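Each chain, written out:
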Amino acid sequence: GGVDVSLRKQSIDILGKLAFDGFAIGGSLGKTHQEMINMLSQVMPHMPLDKPNHLLGIGDLPSIDAGVRLGIDTFDSSHPTRCARHGLLFTSTGGRKILASGNNLNFNPPDPGCACLTCSKYSMAYLHHLYKANEVTGHILASVHNIHFMIRLMQRYREQILRDEL
């Protein structure tokens, strides 16, 4: 259906009657983040809610937050590891650039409240050194952290859903 809501609804009507284990939402959802959210806002009320609904290729934090609130169950994306490769860590206080001047030459963990392997064993200064030296270990440690962050984020969403807070 692309960006045509009526075609997406027609697709849902047809596919929703078939014995699938879940449903994927993909293809063109709009040119901007807001267009995607508007499309999902119109489409999700028509999706079968008794089976998982998966959003293909979307994994940035604002889109996940909006998607969960609209009833999307699962997501897939290279976003967390791509950000890690480019030196961006997801933290409880927002994104943190490994190579940003001034905040990385300390011996604190990247995210002090995080229990991942990276945060429990390595400092921002060490990650900064690894990135400056073009060591692949830095990318791996940043990826480990970002994936751990995403797992914890989804756990919190599940807990909120189970408590009827979301």
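All figures in this text were calculated on a predicted structure; none of them were measured in a lab. (Residues numbered from 1 in each chain as written. Predicted model: local features only at pLDDT ≥ 70, side-chain atom pairs only at ≥ 80, totals over all residues. Heavy atoms only, no water.)

Now for the nonpolar core. Counting residues in hydrophobic clusters, the biggest one holds 26 residues, and the most contacted among them are Ile25, Leu40, Met47, Leu55, Ile64, Ile72 and Phe75. Put simply, the parts of the chain that give this core at least two residues each are helix H1 (5-15), strand E1 (23-25), helix H2 (33-43), helix H3 (61-70) and helix H7 (136-162). When near neighbours in sequence (up to four residues on either side) are disregarded, Met47 contacts Ile12, Phe23, Ile25 and Asn53. If you look at the next biggest cluster of nonpolar residues, it comprises 9 residues, including Ala84, Met124, Leu127 and Ala142. (Core = buried A, V, L, I, M, F, W, Y, C linked by side-chain atoms within 4.5 Å. Buried < 20%, exposed > 50% of the residue type's maximum accessible area, 1.4 Å probe, protein only. Helix = DSSP H or I, 4+ residues; strand = E, 2+ residues; numbered from the N terminus. Contact = heavy atoms within 4.5 Å.)

A word on the pairing of strand E4 (residues 88-91). Note that E4 and strand E5 (residues 94-97) share 4 bridges and pair antiparallel. Its bridge partner lying in E5, Leu88 is registered against Lys97. Between the antiparallel neighbours E4 and E5 lie 2 residues. (Pairing = 2+ DSSP bridges.)

Moving on, we get to the environment of Leu88. Its place among the elements puts Leu88 in strand E4. Using a relative accessible area of 24% as the deciding quantity, one classes Leu88 as partly exposed. When the C-alpha atoms of Leu88 and Ile151 are compared, they prove to be 17 Å apart, with 63 residues separating the residues in sequence. Excluding residues within four positions of it along the chain, Leu88 makes contact with Cys83, Gly95, Arg96, Lys97 and Asn146.

You can see Ser143 is positioned in helix H7. Residue Ser143 is classed as buried on the basis of its relative accessible area of 14%.

Pairing between side chains of opposite charge can happen when their charged atoms approach one another. Within this structure, the stated rule accounts for 2 salt bridges. A salt bridge links Arg69 to Asp65; its shortest N-O distance comes to 3.0 Å. Of the two residues, Arg69 and Asp65 both sit in helix H3, 4 residues apart, roughly one turn of that helix. The exposure class assigned to Asp65 is partly exposed, which follows from its relative accessible area of 24%. (Salt bridge = Lys/Arg side-chain N within 4 Å of Asp/Glu carboxyl O.)

The next thing to look at is the sheet that holds strand E2 (residues 53-55). Strand pairs in the sheet, formed through backbone hydrogen bonds, run parallel or antiparallel to each other. If you trace the 3 strands from one edge of the open sheet to the other, you get E1-E2-E3, paired in parallel fashion. What marks the edges here is a single partner per strand, and that holds for E1 and strand E3 (74-75). Bridge analysis of E1 against E2 gives 3 bridges, and the strand direction is parallel. Each bridged residue has a counterpart across the sheet, and for Ala24 the counterpart in E2 is His54.

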